[in-house]
Structure formats: structure tokens, C-alpha cells
Amino acid sequence: MKTISSKVVKKFITKPPSSLSSTASLTSIASFNVSNNAFPSSLLDDFTKFCYQRDLPRAMQALELMHTHCIRADCITYSELIKCCLARRAIQHGKRIHVHLFSNGHVPKTFLINILINMYVKFGLLNEAQDVFDKMPDRNVVSWTTMISAYSAAKLNDKALEFLVLMLREGVRPNMFTYSSVLRACDGLFNLRQLHCCIIKIGLDSDVFVRSALIDVYSRWGELENALRVFDEMATGDLVVWSSIIAGFAQNSDGDEALRLFKRMKRAGFLAQQTTLTSVLRACTGLALLELGRQVHVHVLKYDQDLILNNALLDMYCKCGSLEDANAVFVRMVEKDVISWSTMIAGLAQNGYSKEALKLFESMKVLGIKPNYVTIVGVLFACSHAGLVEEGLYYFHSMKELFGIDPGREHYGCMIDLLGRAGRLSEAVDLINEMECEPDAVTWRALLNACRVHRNVDVAIHAAKQILRLDPHDAGTYVLLSNIYANTQRWNDVAEVRRAMTNRGIKKEPGCSWIEVSKQIHAFILGDRSHPQISEINIQLNQLIYKLMGVGYVPDTNFVLQDLEGEQMQDSLRYHSEKLAIVFGLMSLPRGQTIRIRKNLRICGDCHLFTKLLAKMEQRIIVIRDPVRYHHFQDGLCSCGDFW
């Protein structure tokens, strides 16, 4: 019987014969009698070297030799090999390592089994991970936390919470990573409060990761007061916790508080990182604070070419109505993903640049970037606002075939808006009836808006009733329905709408407009005289209205025909919040600077006409962002084409 030398084995492992398969090679080597004491040592050395060099093919060949001759390496070396499998997504190799580790009745150390469980979790094989976990002779906090984290990440919340209970029953004490994972599996405030009590009881409430998770989950459930309370209990500052609380308020559309906290963070001496800046940009986007957004952009420059931040910048500039800035960011981006393209397409369309949006979509397709659900929403929105009915119908009916995307509510909403704008209301109604998903209030509002423009009373009443069935507290629809009835002299129906509002405690939301001047936000509300310059603003407004009447402006009282708060018609129109904000902008901003207004309610027809004429008379660009769309007024025209 021949004896194989370590030199021969090393040569074989380093450079296997090309003519032999891996299995054949191992079989021929196994036929030798291994008597040389140097063989195991040399094989282990080579195996270790290949694992640390991340040479997966050779490491696996060495592993097969070791398996054949019942040779085992140390836990750290195996952990390196498993890391290599994870990096290469080599699932089958990972399973082969699993077989080797448990061969011949051998049970690896808990440390290595935990790494194996983590491998299966990272591969998304939770059943395999669970199977390994169930067979463990000893489970420590890492074993339990890995499984809890896996089930939490997979949104299997009940399973994650169940494992926490089982962990406690086995006498294993959860640590900060366990609780930060299981907190995100809370599917209600009851569970969240129970866990919060447990965390306080064992003294982990001061841990950065746990506190951050608590803030995240309270914010997710809209419990911003509790989130802020957890934050304020912080003994010492930490950037992770600052980022969590700022993100919580930004995600819940409380941009004012998010920005206030950001300023506190800066005063406390913390440098903003990517996650924090993304949240701050979201806050600027929600409040349409362009100048503040530009200041945040300065901080973003430190993370040049960060894709997530650049996408957030794109979104902010588009939603603040500054397409020039958005385009500058987009052109400069070295890396662009589908989110970048979709954001720019939607931004162009929302700001009235529909043809440019469609051209950008064609460029995206030429570059081979596959559109997603949101991209097609932007394309259909662009078709709608450019009156491109046939193009819109083509993209809508072929989106499944061309891009593999099933039409959703947003796509149907765009098509109903498109058909409605074109006056094809019967087709819009037919499309609603054909929807596979149940039409929501937004879908019916698209139809109602078209009916308002084309004065189709019967369909408008039907659409309004459907909205109120789905959203009984939508004050705007009540007001519009009341006005539709009043326009057709149906006074009994007007009275019925009023009674319904009174019985449900619904009041018309007061109009509010915001303008940013000298890094300060100025808010204007109809009837509110708290602004320090309100008297001067009113005087200037009256003078402007007098001048505009000389060039054909006549207040359109149809928009307050049946105002349910009983305001006087022309006086109500005269002091609408956007008019006050615009006049303040004229008084405060340099002549060449664009006036940018954000409004909480849809701009009324009278204010729309007023702003068009004023922009021409004053030779100013005025941008108003309302909940529906963006209006760019210049030279007596609006980017919306008088349809909004």
C-alpha cells in the first residue's frame, strides 16, 4: 500500500488535475493509505489559508478531503469559510459545510452553530435555520436573538414575539440586541407598552440601540409624544438616537418639529450623517422649504455621490418647485437607479413639464433601466397633464406586457384624470367599473375634479357620494357637493349636506399658506391678524386688487357660493391665505426672486386668476404648491393649463 506524502497532497490541492472531476480526484486520493503524520497538518494549513484568502473552490476541495479523513479545523476557520459562502451566495456550499460539521455524531460548539443559523437566515432559509436551532443542545442569547431578529425582519411578528416568551421561559436573559429586534415586531401599542415596561425593569432603556428602536416603533404607530418622551429621557446624547427622533417626526409629516430637533442636534455639537440628512430633506420637502433645503444641500456635499442622499435631494427640489436645481443634481449624479429616474420624471410632470418628462422616460428606456410601478405612475401623470390621451392609453394598456407591471390604483387614478381632462367622462366611469381593485377615495376625487371642470352635475354627485362613503369626514367634498347642489338650485340637498356636516362635527378646514423669507417661515390663515405686518399687507393687497380690476380682474364668487362658515363672498375671496402670502412675498423679496408658496388646500379659481394676472402685472414668477399639484405662474399663464 502506497503512502501519500504531504507534498503530493499540497500539490494536488493547490493545482488539481484538470482531467479529473472533484469527486474522482477525492476517490483516487482516498485509495491511498494515509500514514504520513505531516498529512493532516499540511491539509489543515492549506484549508485555513484558502478560507482566509476567500478561495472558495479550493477551500471546498480541501474540506472534502478533510471530511473523507475525519479531520476537523477550528471554529474560527469554519466561520471564515461560511462568511465566504455568504459573500458568494453559495447556498449549496453552505449546506455542505453544515453536513461536514455534524458528521460522525460530532456536535460543533454553540458559537459555530450560531454562525450556521445566521448563514441560513442571511440566505432567507428560515426553515433550515429553525431546524438547526431546534437541534441545538445549548442555546445562548445569540442563538435566540438571531432567530428573533430573523422573524422580525421577515414580518413574522407573532413568531418573533413567541420566541421572546420561549427565551424567557428557558431562563435566557435578552440583551439590547434582542429587544431592539423584537420591538420592531410589535403589531400594536399593547405589545409595545408591555415590552417597554420589561425594558425599563431590567435597565436597558438607556441603551442606544433599544432607545432608538423604541423611538422608531412609537413613531411608526404615530405616538410622537411618547417617542419624544423616550428621547428626552436620554441622559447623554447619541447620534443614532438623534437620527431616530428626527426621522420619526419627518415620516409623520411633522416637518417643523423635525427641523427644530435638527437645529438642537447641531447646537449639541453633533455632525449630521446620511440618515439624518435624508430625514431633514424629507422635512424640507414636506414643508416646501427651498432655501432651508439648499442649506442642507451644503451638508450633503460631504457625502458626494451618495445615491440615497442624491435621490432625497432630487425629491426635495422637485417638490419645492425648483426644477433647475433638481436637474443640476440629476445631471451631476454618477450613479442613478430607477428611483432617481422615477423621481425626476414625476417631478417634471407635477411641475407642468410633461413633454420633458416623457422624453426623459424614453432616455431611461434607451439606457436599459427597467421602469417600476412608480415610474409608470409618473409617465401616466405626465400624459394626463399634457392631454396625451392616446399615449396614456397605450402605456396603460401595455404596461403589463412591456414592463411586467400590473395596473394599480394610482395608475387607474391617472387614467381617470386623463380621460376626465379630455371630457371623456363616460369612459372614465367605465374604467372605474372595470377596476380589479376597489376604487378608493382618491380615485373618485379624480373623477369628481373632472366633473367640476366640465360641469357634469349628475356624475359629480355620484362621485362625491362615493368619496363620502369611503371618507365620511372629507370636509372638502361636503363643501364641493353643497356648491354643486346650490349651483343647480337644489336647496333641500344643500340643507341636507349642512346637517350631515353638523351631525358629524365636520368643519371646513381653514386655508393656510406658508412662505419662506430670510430663513423664516411666515404662515397666513384666513381671518387671522397675528402677523406683525398684517395691516400693511392688507393695504397693499387692496391696492393690487384695485389695479388688477383695471386690467379685467373680477372676483369669482362661485367658489364661495355656499361657504358653510358664512363669510362674506368678496371679502372671503379678498383675504384668502395665498393672496396674503403672495403680497408679503412681493413686499419682502427682491424683485427678481421667485415667490414660492405652500398651501394646505386646493387653490380656488379666484386665487388662480388673481395670481395669473398679478404675475404678469408685476413681472414675477410665482410658484404655489397645493395638495393636488404645483402651479408655476408667469406672464399671465399657469403651468397647469387652468386644470387642477
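Cut-off values and rules
- Residues numbered from 1 in each chain as written.
- Predicted model: local features only at pLDDT ≥ 70, side-chain atom pairs only at ≥ 80, totals over all residues.
- Heavy atoms only, no water.
- Salt bridge = Lys/Arg side-chain N within 4 Å of Asp/Glu carboxyl O.
- Helix = DSSP H or I, 4+ residues; strand = E, 2+ residues; numbered from the N terminus.
- Buried < 20%, exposed > 50% of the residue type's maximum accessible area, 1.4 Å probe, protein only.
- Pairing = 2+ DSSP bridges.
- 1 Å grid on protein atoms, 1.4 Å probe; cavity = no way out; pocket = protein on both sides within 12 Å on 5 of 7 lines; lining within 4 Å.
- Points joined across faces, edges and corners; volume = space filled by probe spheres on them.
- Core = buried A, V, L, I, M, F, W, Y, C linked by side-chain atoms within 4.5 Å.
- Contact = heavy atoms within 4.5 Å.
- Expected span 1.5 Å × (residues − 1).
- Polar contact = N/O pair within 3.5 Å; in protein donor to acceptor, adjacent residues only side chain to side chain.

Q: Residue-level account of the pattern of salt bridges, with values.
A: Per the stated rule, a full pass over the model turns up 27 salt bridges. Lys365 serves as the salt-bridge partner of Glu362, at 3.3 Å between the closest nitrogen and oxygen. Placement of the pair is Glu362 and Lys365 together in helix α22 (residues 354–366), with a separation of 3 residues, close to one helical turn. Residue Asp474 pairs with Arg445 through a salt bridge whose shortest N-O separation is 2.9 Å. With a gap of 29 residues between them, Asp474 in the loop between α28 (457–470) and α29 (475–487) and Arg445 in helix α27 (residues 441–454) connect regions that are remote in the sequence. Residue class for Arg445 comes out partly exposed when judged on its relative accessible area of 29%. The network of salt bridges with common partners includes Arg54, Glu80 and Lys83.

Q: Residue-level account of the pairing of strand β1 (residues 512–517), with values.
A: Along β1, 5 of the 6 residues are buried, which leaves the element largely enclosed by surrounding structure. Where β1 lies against strand β2 (residues 520–525), 6 bridges are found, and the strand directions are antiparallel. Bridged to Cys512 within β2 is Ile525. Note: β1 against strand β3 (residues 595–599), 3 bridges, orientation antiparallel. Opposite Ile515, over in β3, you have Ile597 as the bridge partner.

Q: Give a description of empty space enclosed by the protein that names residues and reports values.
A: Scanning all chains against the criterion turns up 2 cavities of 30 Å³ or more. By volume, the largest cavity is sized at about 80 Å³. Along the wall of the largest cavity there are 13 residues; nearest its centre are Leu301, Asp304, Gln305, Asn310 and Arg332. Taken together, the elements giving at least two residues each to the lining of the largest cavity come down to α18 (290–300), α19 (307–319) and α20 (323–332). Top element by residues in the lining of the largest cavity is α19. It accounts for 3 residues.

Q: Provide a residue-level description of the environment of Glu390, including the pertinent values.
A: Take Glu390: it is sitting in helix α24 (residues 389–403). Between the C-alpha atoms of Glu390 and Leu418, which are 28 residues apart in sequence, the distance is 9.9 Å.

Q: Let's hear about unusual backbone geometry: which residues, and what values?
A: In this structure, Arg89 is a non-glycine residue whose phi angle is positive, near 55°. With respect to the element layout, Arg89 can be found in the loop between α5 (75–88) and α6 (91–101). You can call Arg89 partly exposed: its relative accessible area is 48%. Positive phi, close to 55°, is recorded for Asn104, a residue that is not glycine. Looking at where Asn104 falls in the secondary structure, it is placed in the loop between α6 and α7 (110–122).

Q: Got a sec to walk through the nonpolar core? Specific residues and values, please.
A: Counting residues in each nonpolar core, the largest one holds 167 residues, and the members touching the most others are Phe47, Ile117, Leu183, Phe231, Ile245, Met344 and Leu447. Leave out the neighbours within four places in its chain, and Ile117 touches Ala129, Val132, Phe133, Met136, Thr146 and Met147. Ile537, Leu548, Val583 and Leu589 belong to the second largest nonpolar core, which has 32 residues in total.

Q: Can you break down helix α21 (residues 338–350) residue by residue, with the values?
A: In this model, α21 (13 residues) spans 18 Å end to end at C-alpha, consistent with the 18 Å of a helix rising 1.5 Å per residue. Burial analysis of α21 places 10 of its 13 residues in the buried class, the great majority of the element. Of all the residues in α21, the buried ones are Ser340, Trp341, Ser342, Thr343, Met344, Ile345, Ala346, Gly347, Leu348 and Ala349. Its buried side turned inward, α21 meets α19, α20, α22 and α23 (373–386). Residue Asp337 occupies the N-cap position of α21, its side-chain oxygen lying 3.1 Å from the main-chain nitrogen of Ile339. In the stretch just after α21, Gly352 is the one whose phi turns positive, near 95°.

Q: Just give me the short version of the sheet that holds β1, but keep the residues and values in it.
A: Reading across the sheet, the 6 strands line up as β2-β1-β3-β4-β5-β6 and stay open at both edges, with mixed pairing between neighbours. The open sheet has two edge strands, β2 and β6 (637–638), and neither has a second partner. Examined bridge by bridge, strand β4 (residues 622–625) and strand β5 (residues 630–634) share 4 bridges and lie antiparallel to one another. Bridge pairing in β5 places Arg625 opposite Tyr630.

Q: Describe in detail the side chain of His631, supporting the description with residues and values.
A: Here His631 is to be found in strand β5. The buried category is assigned to His631, whose relative accessible area is 0%. Here Asp626 takes part through its side chain, which lies 3.3 Å from a polar atom of the side chain of His631. With sequence-adjacent residues up to four places away left out, His631 is seen in contact with Ile603, His608, Ile622, Val623, Ile624, Asp626, Cys638, Ser639, Cys640 and Trp644.

Purely geometric stuff here, so don't read any function into it on its own.
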